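The chain contents come next:
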Amino acid sequence: MAINFQPIYVLASGGARAIEQLDTTSNNLANVNTPGFKKLLMREMSQTIPENKGNKKHLFVFPRFQDTPVILTQGALKKTDNPLDLAIFGSGFFTIETEQGTFLTRSGHFFINREGYIVDPNGNYLLDTEGERIRLQDSSDITINQQGEIFQKGRRIAQINIVNYENIRHIGHSYYQGEGQEIPADYSLKQGFLEQSNTNGIEAMIELINAQRRFEIYGNLMRSLDAMEQKSNEIGKA
């Protein structure tokens, strides 16, 4: 008796989606305390593959990966009183110059490097509305208003560039890339605050447990199906 591999393929596809869900949920959980981190959601789609064209009773539905959208809900604001800690309240992202290009971030935890430039924890540069790095005299007497204008000792230095896009893609750490058209950013900057991750740690733990159980279920079903196929072959040979 020939082995029917189609059900095993369906279950294996479901197991692969469970692993992807585990990876996504683990990443969310690992960044629950990362300033400005935005939760990722793994979305799936179903793909119907006919075994026998025209016969609706022989259709197999495979779970397939669709995309991983970024959930852009506002994170809670935590007061730090650090003049270079900035929180975006509303929509939009800081623009950061890196060796790999210009990226976006919601993490507003900034510092001044040895050359006097404002940088993030990775040493990458915060950019102004002219696309230039922002340089300060020192770390004293810094005021940043809600529009992102930076003043030091009463003199206007620059305005922080805040941008927004139709779609946002996570590329690692706290960095994102904009996709589609650039759209207006509706925001106000809060100096001396940091936006917290919008990931709920308890919910993420529950999602992680459910993903683990889902993978175990697919694995158990595949083993049971394999055992049934072996029994069928033994009966067929008898």
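Conventions and cut-offs
- In every chain, residue numbers begin from 1 and rise along the written sequence.
- Restriction of local features to residues with pLDDT of at least 70 applies here, the model being predicted, together with a cutoff of 80 or more for giving and counting side-chain atom pairs; totals for whole chains, interfaces and linings are based on all residues.
- To get the side-chain values, all heavy atoms of the structure are used, and hydrogens and water are removed first.
- A run of H or I in DSSP counts as a helix once it spans at least four residues, and a run of E counts as a strand once it spans at least two, with each numbered from the N terminus.
- Burial classes: relative accessible area under 20% of the type maximum marks a residue as buried, over 50% as exposed, and values in between as partly exposed (1.4 Å probe, protein chains only).
- Centres within 6.5 Å are what make two rings of Phe, Tyr or Trp a pair, Trp counting through its six-membered ring; a difference in plane orientation under 30 degrees is then read as stacked, over 60 as edge-to-face, and the rest as tilted.
- We call a charge positioned over a ring when the NZ of a Lys or the CZ of an Arg lies within 6 Å of the ring centre and within 35 degrees of the ring normal.
- Residues enter a nonpolar core if they are buried and are Ala, Val, Leu, Ile, Met, Phe, Trp, Tyr or Cys, with the set joined through side-chain atoms within 4.5 Å.
- Here a residue-residue contact requires only that any non-hydrogen atoms of the pair lie within 4.5 Å.

Engineer: Quick question: what am I supposed to make of the overall build of the chain here?
Structural biologist: Looking only at helices and strands, one finds 2 helices and 16 strands in the chain. Here the chain holds 238 residues, and 38% of them are scored as buried.

Engineer: Sorry if this is basic, but what is going on with the packing of aromatic side chains here?
Structural biologist: Ring pairs (aromatic) are described by centroid distance and by the angle formed between their planes. As enumerated under the stated definition, the model contains 4 aromatic pairs in all. Here the aromatic rings of Phe93 and Tyr176 are separated by 5.7 Å at their centres, their planes lie at 55°, and the arrangement is tilted. Of this pair, Phe93 sits in strand β5 (residues 93–98) while Tyr176 sits in strand β14 (residues 175–183), and the two are 83 residues apart along the sequence. Like Tyr176, Phe93 is buried. Centroid distance Phe94 to Phe110: 5.2 Å. Interplanar angle 85°. Geometry classified as edge-to-face. Within this pair, whereas Phe94 is found in strand β5, its partner Phe110 is found in the loop between β6 (101–105) and β7 (111–112), the two being separated by 16 residues in sequence. Just as Phe94 is buried, Phe110 falls in that class too. Over the ring of Phe93 we find Arg106; its NZ or CZ atom is 6.0 Å from the centre of that ring. The ring of Tyr125 is capped by Arg133, whose NZ or CZ atom sits 3.7 Å from the centre of that ring.

Engineer: What should I look at first to understand the environment of Phe94 in this one?
Structural biologist: Exposure remark for Phe94: the relative accessible area of 0% places this residue in the buried category. As for Phe94 and Leu104, which are separated by 10 residues in sequence, their C-alpha atoms are 5.6 Å apart.

Engineer: Is there a simple way to think about the nonpolar core in this case?
Structural biologist: Generally speaking, a soluble globular protein has its nonpolar side chains buried in company with each other. Counting residues in each nonpolar core, the largest one holds 19 residues, and the members touching the most others are Phe94, Phe110, Ile118, Leu126, Ile150 and Ile160. Contributing elements (two or more residues each) for this core: β4 (86–90), β5 and β10 (142–144). Every residue in contact with Phe110, bar those within four places of it in the chain, is listed here: Leu84, Asp85, Leu86, Phe94, Ile96, Ile118, Val119, Asp120 and Leu126. Counting residues in hydrophobic clusters, the runner-up holds 8 residues, among them Leu40, Leu104, Val163 and Tyr176.

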